[in-house]
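# Structural characterization, general
For reference, the chains in residue letters:
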Amino acid sequence: MTSQSTPDGTNAERTSPLHDAHTAAGASFTDFAGWQMPVRYSSDLAEHHAVRTAAGLFDLSHMGEIVLLGPEAGEALDYALAGKLSALNVDQAKYSLLLSRSGGIVDDLVVYRTGDDRYMVVANASNRDAVAAELRDRTAPFDVEVFDESDDIALIAVQGPAALSILLATPGLSADAGALGGSDFGERLSALKYYWSLPAEFETHPVLIARTGYTGEDGFELYLAPDNARALWDALLEAGAEQGLVPAGLASRDTLRLEAGMPLYGHELGLDTMPAQAGLGRVVNLAKDTDFVGRAASEEGPDPEARVLVGLAGEGKRAARAGYPVFAHDDTTGEDAEVGVVTSGALSPTLGMPIAMAYVAPRFARENTVLHVDVRGTRLPFTVTALPFYSRKKR
Amino acid sequence: MAAERDLKYTPEHEWLLVDGDVATVGITAYAAEKLGDVVFVELPEEGSDVTAGRVVGEIESTKSVGELFAPVNGTVAEANSAVVDAPELVNSDPFGEGWLVKVRFTELPDNLLSYDEYAALTGE
């Protein structure tokens, strides 16, 4: 047997501040953007199901955090990014894109406004240096400073329907002592809205708790200093054990985000992709009254024939995987023509059927169109399906 | 089930249990661990001829696809239908209920590995 999967990342140079905890928990590791990160602890399927039904604990310390500080931080980001970040309230977060001049995607980001003149931009690990460099370059004319804080910030995510209850049960988590607001930590955490954050403390150390995630479930992401990450990780695991919390690796994170229809940089997003092709046109704020990098190209938009992102749902158990070509029957020639390519795919653990995301020619992107994916020599039918494949039931 | 020490191995992380002229073939625990949770197994049909070194089946996990190579020349005597119905057996019992095919062979290749040689290969 040979495997086409990435070999274990024993050559990866960087390790998370939680590495020892992962090793102790029996994790298998993978090389992810130069980091040795847990791909699974025991079973990626069990970890996936735990997030859907209870909760999973993820180490995302490889993510990049770039902080902008200064009176013009908001205006600087309005110019550097596709969204209008100056319009964010303090403690609010927004999904955004860093575009190239030609309108392609340099990275997708979550931007947190953490103060009147302070923002934290969270970048994909593989793009951390590019994002930091672009932000420095693009914001140079503004009264703002850019700090790459990635090495000084660890990130732990608690994702799943039990996430709130687990955080409430975790000893040591409390409201930021300096914060105003009156009501207690539990009330404020429970009331925290999606894409908002709460400055808090863990055993007197600052932690930013955000109601964000990448799994399609309710959940939180906790940013804190690396030195305090292990204690918080252990406290969360202990407090969450009886509610079904398990550590979860990147394998389950990938199937979770795929079910939730969330794009992954390097798969659905890249420099040669414009947001409109990826269904992210709404993230590019053309109503913004100021210029931004990539604006002219975005206004022009992609070529009308440019491939667009679709969801594909198959039958049986065989997954369409990244790189597999997509075919459609061409009525004019009577032959099958290659009309696209799969960018992510798996047998959906929750839905039990093969699901995939693919870029296809626009005329084959209509829902219910039947296309065929070449799965290692066998063409299997897949139906164009609205994203996401999975939505949690809102309470 | 024979002890792992008594099995033969291939560099492609398959094991063979030889009984007379029939070899039972599976993938090793090391390989199953590397694949992750197996969710789909495709095996050759019973009665089909297989050639050593050729791909005769697939083992898919959520993350990747593994190919099953025939370790010997011969004829498929039995394919494990239980593992087709319950691919997770490859993870839960790779050396037992997770076996994949039984091949009736003419002769064994001389490049099969012993337990110690295979253990040295995987570093475990």
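What counts, and where the lines are drawn
- Position numbers for residues count from 1 along each chain, tracking the sequence in the order it is written.
- Whichever chain is written first becomes A and whichever ligand is written first becomes 1, with later ones labelled in order.
- With the structure being a predicted model, the display of local features is reserved for residues of pLDDT at least 70 and the display and counting of side-chain atom pairs for 80 or more, all residues being used for whole-chain, interface and lining totals.
- Put simply, DSSP marks the helices as runs of H or I at least four residues long and the strands as runs of E at least two long, and each gets a number from the N terminus on.
- Here the radius of gyration uses the C-alpha set of atoms, whereas the globule reference equals 2.2 Å times the residue count to the power 0.38.
- Exposed residues have 12 or fewer other C-beta atoms within 10 Å of their own C-beta, buried residues have 20 or more, and residues in between are partly exposed; the C-beta atoms are placed from the backbone.
- Working definition of a contact: two residues with C-beta atoms, positioned from the backbone, lying within 7 Å.
- In this classification, the charged set is Asp, Glu, Lys and Arg, the nonpolar set is Ala, Val, Leu, Ile, Met, Phe, Trp, Tyr, Cys and Pro, and all remaining amino acids, among them Gly, are polar.
- In short, DSSP must find at least two bridges between two strands for them to pair.
- For every residue, the predictor assigns a confidence score, pLDDT, that lies between 0 and 100.
- A set of buried residues qualifies as a nonpolar core if it consists of Ala, Val, Leu, Ile, Met, Phe, Trp, Tyr and Cys joined through C-beta atoms within 7 Å.
- Between N-to-C directions, angles cover 0 to 180 degrees, with each direction set by a line fitted to C-alpha atoms, over the stretch in contact for helices.
- We call two directions roughly parallel when the angle between them is under 35 degrees, roughly antiparallel when it is over 145, roughly perpendicular when it lies between 65 and 115, and oblique otherwise.
- By definition, any crossing whose near helix is turned counterclockwise from its far helix by less than a right angle is left-handed, and any crossing with a clockwise turn is right-handed.

## So, the overall build of chain A
The helix and strand tally for chain A stands at 9 helices and 22 strands. The C-alpha radius of gyration computed for chain A amounts to 21 Å, which stays within 12% of the reference 21 Å derived for 395 residues, consistent with globular compactness. Projected onto its principal axes, the C-alpha positions of chain A cover 70 × 50 × 45 Å. Relative to its full complement of 395 residues, chain A shows a buried share of 47%. Within chain A, contacts between residues separated by at least 24 positions form 66% of all contacts whose residues are at least 6 apart in sequence.

## Some remarks on the interface of chain A and chain B
In this complex, chain A contributes 19 residues to the contact, which on the side of chain B involves 22 residues. Elements represented by at least two residues in the side of chain A that touches chain B include exactly β1 (2-3), α2 (44-53), α8 (250-259) and β19 (335-347) of chain A. Each residue belonging to the side of chain A that touches chain B can be placed in one class, and the counts come to 7 nonpolar, 7 polar and 5 charged.

## Considerations on the sheet that holds strand β8 (residues 74-79) of chain B
All names here are of chain B. An order of β1-β2-β3-β9-β8-β5 is seen for the 6 strands of this open sheet, with the pairing classed as antiparallel. Each of the sheet's edge strands pairs with one partner strand only, and the pair in question is β1 (8-9) and β5 (49-50). Bridge analysis of β1 against strand β2 (residues 14-19) gives 2 bridges, and the strand direction is antiparallel. Bridge pairing in β2 links Y9 to W15.

## Comments concerning the confidence of the model for chain B
The predicted model of chain B has a mean per-residue pLDDT of 94, with 98% of residues at 70 or higher. Here the predicted complex scores 0.92 on pTM and 0.82 on ipTM.

## Observations regarding the pairing of strand β6 (residues 64-69) of chain A
Residues and elements named next belong to chain A. The buried fraction of β6 is high, at 5 of 6 residues. Taken together, the 4 bridges between β6 and strand β10 (residues 145-148) define a ladder with antiparallel strand orientation. From the neighbouring strand, I66 faces β10, where its bridge partner is D148.

## A word on the nonpolar core
Residue and element names in this part refer to chain A. Of all hydrophobic cores here, the largest spans 135 residues; its most connected members are L68, L97, V121 and I156. No other element matches strand β20 (residues 354-360), which puts 6 residues into this core. Apart from residues no more than four positions distant in its own chain, V121 is found in contact with I66, L68, L109, V111, V131 and L135. Counting 8 residues, the second-largest nonpolar core is a separate cluster that includes M37, V39, L250 and A251.

## What about the packing of helix α3 (residues 73-80) of chain A against helix α4 (residues 128-139) of chain A?
Residues and elements named next belong to chain A. As a packed pair, α3 and α4 sit with axes 9 Å apart at the nearest point and diverge in direction by 110 degrees. Considered as vectors, α3 and α4 are oriented roughly perpendicular to each other. For the element pair α3 and α4, the recorded crossing hand is right-handed. Seen from α3, the contacting residues are A76, Y79 and A80; seen from α4, they are E134, L135, R138 and T139. Taken together, the residues that form the contact of α3 with α4 break down as 4 nonpolar, 1 polar and 2 charged.

## Focus: the pairing of β19(A)
Residues and elements named next belong to chain A. As judged from the 6 bridges shared by strand β18 (residues 325-330) and β19, these two strands associate in the antiparallel manner. Residue H329 lies in a different strand from β19, and its bridge partner there is D336. If you look at the hairpin formed by β18 and β19, you'll find 4 residues sitting between the two strands, and G334 has a positive phi there, around 75 degrees. The pairing of β19 with β20 spans 7 bridges and is antiparallel. Paired with G340 across the strands is V360, a residue of β20.

## Describing the sheet that holds strand β5 (residues 55-59) of chain A
Residue and element names in this part refer to chain A. Pairing is mixed across the open sheet formed by 7 strands, whose spatial order is β12-β13-β14-β15-β11-β5-β16. Every other strand in the sheet has two partners, leaving β12 (173-175) and β16 (245-247) as the edge strands with one partner each. Adjacent strand axes in the sheet meet at a mean angle of 30 degrees, parallel and antiparallel pairs treated alike. As paired elements, strand β11 (residues 154-159) and strand β15 (residues 219-224) share 6 bridges and run antiparallel to each other. Each residue of the ladder has a partner; that of A154, found in β15, is L224.

## Section: the packing of α2(A) against α8(A)
Residue and element names in this part refer to chain A. One way to put it is that α2 packs onto α8 with a least axis distance of 8 Å and a crossing angle of 55 degrees. Put simply, α2 runs oblique to α8. The interaxial crossing formed by α2 with α8 has right-handed handedness. For the pair formed by α2 and α8, the contact residues are D44, E47, H48 and V51 on the first element and A251, S252, T255 and L256 on the second. For the contact of α2 with α8, the residue count by class is 3 nonpolar, 3 polar and 2 charged.

## Section: unusual backbone geometry
Here the residue pair A:L387 and A:P388 is connected by a cis peptide bond, since its omega of -5 degrees sits within 30 degrees of zero. In this model, A:R376 sits at a positive phi of 45 degrees, which is unusual for a non-glycine residue. Among the residues examined, A:R376 registers 12 C-beta atoms within 10 Å and is labelled exposed. Phi is positive for B:H13, which is not a glycine, with a value near 65 degrees. In this fold, B:H13 is placed in the loop between β1 and β2.

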